[in-house]
Amino acid sequence: MKSHLKLKIKTNGLIVLCLFSAFLFPAAGLAGSDPLPSWNGGAAKQRILGFVKNVTDKQSKSYVVPEERIATFDNDGTLWSEQPLYFQFAFALDRVKEMAPEHPEWNAQPPFKTVLEGDMKSVLAGGEKGIFEILTATHTGMTTAEFDQQVKTWIAVAKHPRFNKLYTDCIFVPMLELINYLKASGFKTWIVSGGSIGFMRPWTEDVYGIPPEQVVGSRFETKLEMKGQTPVLMRQPKLEFIDDKEGKPVGIHQHIGRRPIAAFGNSDGDLQMLQWAAAGGGDRLMLYVHHTDEIREWAYDRNSSIGRLDKGLDESAANGWVVVDMKKDWNRIYKFEP
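If you're wondering where the values come from, they're calculated on a predicted model, not measured in any experiment.

### Some thoughts on the packing of helix α4 (residues 87–99) against helix α8 (residues 144–155)
Moving on, step 1. Between α4 and α8, the shortest axis-to-axis distance is 11 Å and the interhelical angle comes to 105°. Taken together, the axis directions place α4 and α8 in an arrangement best described as roughly perpendicular. In this structure, α4 uses Phe87, Ala90, Phe91, Asp94 and Arg95 to contact α8, whose residues at the interface are Phe147, Gln150, Val151 and Trp154.
Moving on, step 2. Of the residues belonging to the contact of α4 with α8, the class tally is six nonpolar, one polar and two charged.

Structure follows, in structure tokens:
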């Protein structure tokens, strides 16, 4: 369109010219106008936008220098779904089946026997002891490099039983938008999860854009050993640290060394992380993802055996924290939605 082109309009010329320009140049008018397009325009979205504006505006009394802009995210139930069971445990169950030919004794030995028989009710009935046995058998006894490859191989092909989509397709688009918005606003984003740090680090950069050095999680002991002339790190069958509940502020202190000014979770396991973030001075953002959409995802909170959100709801109401109603606040949950 040449610059000397003129619109000869006698009435409402300005209105028509604006509409004409928007038609010809939609990208200039719309691109980047909404950093959170999958969020409906309610109170939760406005709190997020207002917080980011306040802490990044140098003229604001709430301004925070970039090096102090730390945001921590839980993973399971906060960045991706966690039903009908934690995805890491699905990985462990698949690994039991893959490893079974090397362990014929498992055919008669609980909890492996019930896993191989597909009896999930009995597997879960075994409680923490049985789950720990499964995790120990499938997550230790190999080098860190070998375990990384096992996770990468699984995450590339494993599919969710309800959606028949890759587990990495079951991430929450609104939360990915939030991560990217915070990063573009000078934040450093961390994952602080009760899940295994060794399970998350192989894929978080590809999926969330969060590198492995910005992942905090539970961990098994690791020991340096020599294989011939080659030093390797061997994963030991002993839990070294549990990054859940009271452990999350400890993990944040050990790995990050700064108190976050924003913290995001979905369960009571994240409560202490949000409390720790809230205890700092200045403007803070604490946010819970509340699973309320039984059609597109799941609806659960106070009585759930996975991702229970009980005390966190009460604390949020008492302290004015943001609670995201998934059904009302998100117009899109997964990228595979129409």
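After presenting the structure, the write-up continues.
### Remarks on the environment of Phe264
Moving on, step 1. Relative to the assigned elements, Phe264 resides in strand β5 (residues 262–265).
Moving on, step 2. Looking at Phe264, the relative accessible area reads 0%, which means it is buried.

### A look at the packing of helix α12 (residues 247–255) against helix α13 (residues 271–278)
Each pair of packed helices can be summarised by the angle the axes make with each other and by the distance between the axes.
Moving on, step 1. Running from amino to carboxyl end, α12 crosses α13 at an angle of 55°, the nearest separation of the two axes being 7 Å. By the criterion of interaxial angle, the relationship of α12 to α13 is oblique. Counted together, Lys248, Pro249 and Ile252 of α12 and Gln272, Met273 and Trp276 of α13 form the full contact between these two elements.
Moving on, step 2. Among the residues forming the contact of α12 with α13, the class breakdown is four nonpolar, one polar and one charged.

### Section: the layout of surface pockets
Moving on, step 1. Computed from the structure, the largest pocket encloses a volume of approximately 1500 Å³.
Moving on, step 2. If you go around the largest pocket, you meet 40 residues; those closest to its centre are Tyr86, Glu128, Ile131, Gly194 and Asp244.
Moving on, step 3. Counting only elements with at least two residues in the lining of the largest pocket, the list comes to α4, α7 (127–139), β2 (188–196), β3 (215–227) and α13.
Moving on, step 4. The element contributing the most residues to the lining of the largest pocket is α7, with six residues.

### Some details on the sheet that holds strand β4 (residues 230–241)
Moving on, step 1. Spatially, β4-β3-β2-β1-β5-β6-β7 is the arrangement adopted by the seven strands of the open sheet, whose pairing is mixed. Taken across any chain shown, the strands that pair with only one partner, and hence form the sheet edges, are β4 and β7 (322–325). Across this sheet, the average inter-strand angle for adjacent strands is 30°, counted without regard to direction.
Moving on, step 2. Where strand β1 (residues 70–73) and β2 come together, four bridges link them in parallel fashion. Paired with Ala71 across the two strands is Thr189, which belongs to β2.
Moving on, step 3. Helix α9 (residues 173–184) contacts β1, β2, β5 and β6 (285–290) of the sheet and is inclined by roughly 165° relative to β1.

### Observations regarding the confidence of the model for the protein
Moving on, step 1. With 91% of its residues at a pLDDT of 70 or more, the protein shows a mean pLDDT of 92.
Moving on, step 2. Within the protein, helix α1 (residues 13–24) has the poorest average pLDDT of any element, 34, and β1 the best, 99.
Moving on, step 3. Contacts from residues 1–31, a stretch scored under 50 in pLDDT, to residues over four places away or in other chains number six contacts.

### Things to note about the pairing of β5
Moving on, step 1. Across the two faces of β5 the burial is the same, with Ala262 and Phe264 and Ala263 and Gly265 all buried.
Moving on, step 2. Pairing of β1 with β5, which is carried by three bridges, proceeds in the parallel orientation. The residue bridging Ala71 from the neighbouring strand is Ala262, located in β5.
Moving on, step 3. The pairing of β5 with β6 spans four bridges and is classified as parallel. The residue bridging Gly265 from the neighbouring strand is Tyr288, located in β6.

### So, the packing of aromatic side chains
Moving on, step 1. Taken as a whole and assessed by the stated rule, the structure comprises 22 aromatic pairs.
Moving on, step 2. Seen from their ring centres, Phe132 and Phe220 are 6.3 Å apart, and the 25° between their planes marks the pair as stacked. Here Phe220 lies in strand β3 and Phe132 lies in helix α7, a separation of 88 residues in the sequence.
Moving on, step 3. Residue class for Phe132 comes out partly exposed when judged on its relative accessible area of 32%.
Moving on, step 4. Looking at Phe220, the relative accessible area reads 7%, which means it is buried.

### Structural notes on unusual backbone geometry
Moving on, step 1. Of the consecutive residues Gln83 and Pro84, the connecting peptide bond is found in the cis state with omega at 0°.
Moving on, step 2. For the bond from Pro110 to Pro111, the omega torsion is 0°, close enough to zero to count as cis.
Moving on, step 3. The phi dihedral of Asn164 is positive, around 55°, even though this residue is not glycine.
Moving on, step 4. Note that Asn164 resides in the loop between α8 and α9.
Moving on, step 5. Unlike most non-glycine residues, Lys245 shows phi in positive territory, near 55°.
Moving on, step 6. As for its position among the elements, Lys245 is in the loop between β4 and α12.

About the cut-offs
Residues numbered from 1 in each chain as written. Predicted model: local features only at pLDDT ≥ 70, side-chain atom pairs only at ≥ 80, totals over all residues. Heavy atoms only, no water. Axes fitted to C-alpha atoms, helices over the stretch in contact; angles between N-to-C directions. Helix = DSSP H or I, 4+ residues; strand = E, 2+ residues; numbered from the N terminus. Parallel < 35°, antiparallel > 145°, perpendicular 65-115°, else oblique. Contact = heavy atoms within 4.5 Å. Nonpolar A, V, L, I, M, F, W, Y, C, P; charged D, E, K, R; others polar. Buried < 20%, exposed > 50% of the residue type's maximum accessible area, 1.4 Å probe, protein only. 1 Å grid on protein atoms, 1.4 Å probe; cavity = no way out; pocket = protein on both sides within 12 Å on 5 of 7 lines; lining within 4 Å. Points joined across faces, edges and corners; volume = space filled by probe spheres on them. Pairing = 2+ DSSP bridges. pLDDT = per-residue confidence, 0-100. Phe/Tyr/Trp six-rings, centres within 6.5 Å; stacked < 30°, edge-to-face > 60°.

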